[in-house]
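Each chain, letter by letter, is given below.
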Amino acid sequence: MLGRVCGIVGYLGHRSALDVVLQGLGRLEYRGYDSAGIALLDGDGSLAVQRSAGALSNLEQRVAEDGREHFVGTGGMGHTRWATHGAPTDRNAHPHRDSTGKVAVVHNGIIENFAELRAELENDGIELSSDTDSEVVAHLVGRAYAAGPAAGDLTAALGIVAARLSGAFTLVVTHADQHDKIVAARRSSPLVVGVGEGETFVASDVAAFIEHTRNAVELGQDQLVTITRDGYLVTDFAGTEVETRPFSVDWDLSAAEKGGHDYFMLKEIEEQPEALSNTLRGHFADGGVVLDEQRISEQDLRDINKVFVVACGTAYHSGLLAKYAIEHWCRIPVEVELASEFRYRDPVLGRDTLVVAISQSGETADTLEAVRHARTQHARVLAISNTNGSQIPRESDAVLYTHAGPEIGVAATKTFLAQIAANYLVGLALAQARGTKYTDELEHEFAELAAMPDAVRSVLETVPQVRELATRMCDAKAVLFLGRHVGYPVALEGALKLKELAYMHAEGFAAGELKHGPIALIEDGLPVVVQMPSLKGHSQLHAKLLSNIREIQARGARTIVIAEEGDEAVRPFADELIEIPAVPTLLQPLVSTVPLQVLAAEIARHRGYDVDKPRNLAKSVTVE
Ligand code: M6R
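Quick caveat, the model's predicted, so the values are computed rather than measured.

A. Expanded view of the pattern of salt bridges. Evaluation of the coordinates by the stated rule reveals 39 salt bridges. Across the pair Glu 211 and Arg 27 runs a salt bridge, and its minimum N-O distance is 2.5 Å. Within this pair, whereas Glu 211 is found in the loop between strand S10 (200-203) and strand S11 (215-218), its partner Arg 27 is found in helix H1 (residues 17-28), the two being separated by 184 residues in sequence. You can call Glu 211 partly exposed: its relative accessible area is 31%. Note on Arg 27: relative accessible area 13%, which makes it buried. Here Lys 613 and Glu 29 are joined by a salt bridge, their closest N and O atoms 3.1 Å apart. Here Glu 29 lies in the loop between H1 and strand S2 (35-41) and Lys 613 lies in the segment after helix H19 (588-606), a separation of 584 residues in the sequence.

Okay, structure coming up:
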């Protein structure tokens, strides 16, 4: 199946569309960088199109070679692509056009019935020029616009076509004869409208237009929007006007720029104290937890007797931490599942089950499908997401937004810490509903959480030490990460970061499991990163981990130990010691993860890789 996670931007206004669209694509490149393309409405009945395989800079070079004078006009659209299947070539790059060359389409998602639509077009003698599923839309819209009930009406033509499509899509369509109008449609894929003064935008993400306007409108499922320079109209696919949800973006351009850092990820690592504060702000008031959206009754919350946490990748690691907090505080059994596995094993779900779906983007297909499955089984779903109005929150019964701000680096950093904090807030909300904690205990737990931004600020002081350490680790054959209790998910996260950024073999293990097999991997000089549990909070585990370190050191491992300040017991066994502030056990991951993020990013940088755009990855994965 062809499919993609892509960035889309469309613009109608008074500025050079070339500049606005290229700039918008630059901010969306985190969504995919396999190819890029633009189609501009030059106002005299033709489209100026250019496309190129590879990064956006390749497209910019082609535009420069053609000459900017070929790309005039104040309306147009662009696309940056991440291919799951099908070659990332020029011919598969968007925009795609119909046979007349007048209709251009950009698409994010998968058109599942494209094969039958393609066959229908080919039977009618239409020749397609790419291997994509998207091109069929250009031809279908072209036909609907040329004749029939939607003749001459681009909005109606897209509505008719969108209703025939199955799968997930954001589509933006332009017609060379309609230079005052751009039409877009969405199903299960993101699309927001930006409303400025005499200019209007459509994009996959507000980052594409944030420097021009903070006024945005989110589109619902199966909706169409027609933008003009003066406004927008949202309808369903049949053309009936629908109510919209305008919102104001609460972050500004500086949040989407590198701000003097070598790469976005380092900036985002350093933003973690603020991201945590923003996640916590306003979510605890009058002795209780406040969610952003709450459509589960107090009684239903009280009746919850089982919690499933579903998520992928880094969000899954944050979910593993939720289990420790929720079971401890609420005495409810919690299972944490990879979203991609969840629905395929027929989990036991019902009205008294709460499914917590964690997703930074709010659009990860695996997590979305897990949510949908849970809802068919009548479970309640609570979403934790960083993206306002994205699909997973929209399909959930309750939502807690992390408010961590935009995360441009493909590797999750500040949103991981924000997710941990949000998970703990959910734990406190459940404890409150079930009465397993008194108000003063809830307040105490929240106060400890609220102190964490300062603790993270102080752990950032280790950045220079970790950067230097990275220079000595970049030639390692492999790296192992060990932890116990809450240190175990941190070990998994440290290994994931190193794999995805530095393309190095890395594994995270529960330190107690080492002796059951993985210890055979230890050889002379192998770097092993160890998370020490809190000495005061977990003295028993601390002693056990000390023994584990001795065992690996005896076999030649080079130990890099992350331990609380003042942990003198571990010092003799640490070839490298990174000290973190002493914090309550459940909160330790908020500080101990930070050096691991820096380590992975810096090793990647020394190995010459693009830290923000690791190979083969994209920020949101909207394919299963
Ligand atoms: O948007 P989501 O939180 O649903 O994304 C889940 C994973 O794809 C994501 O965390 C991924 O593992 C990151 N690249 C890790 O850095």
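B. Main features of the environment of Asp 567. Looking at the element boundaries, Asp 567 is found in the loop between strand S26 (558-564) and strand S27 (576-580). Separated by 32 residues in sequence, Asp 567 and Leu 535 have C-alpha atoms that sit 7.0 Å apart.

C. Geometry of the packing of aromatic side chains. Inspection of the entire model under this criterion finds seven aromatic pairs. Between Phe 169 and Phe 237, the ring centres sit 6.3 Å apart and the planes meet at 25°, which makes this aromatic pair stacked. In this pair, Phe 169 is assigned in strand S7 (residues 167-175) and Phe 237 in the loop between strand S13 (231-236) and strand S14 (245-248), connecting sequence segments 68 residues apart. Three or more aromatic residues joined by ring pairs make a cluster, and in this case those are Tyr 11, Phe 201 and Phe 209. Positioned above the aromatic ring of Tyr 503 is the side chain of Arg 615, whose terminal nitrogen or guanidinium carbon lies 3.9 Å from the ring centre.

Rules and cut-offs
- Residues numbered from 1 in each chain as written.
- Predicted model: local features only at pLDDT ≥ 70, side-chain atom pairs only at ≥ 80, totals over all residues.
- Heavy atoms only, no water.
- Salt bridge = Lys/Arg side-chain N within 4 Å of Asp/Glu carboxyl O.
- Helix = DSSP H or I, 4+ residues; strand = E, 2+ residues; numbered from the N terminus.
- Buried < 20%, exposed > 50% of the residue type's maximum accessible area, 1.4 Å probe, protein only.
- Phe/Tyr/Trp six-rings, centres within 6.5 Å; stacked < 30°, edge-to-face > 60°.
- Lys NZ or Arg CZ within 6 Å of the ring centre and 35° of its normal.

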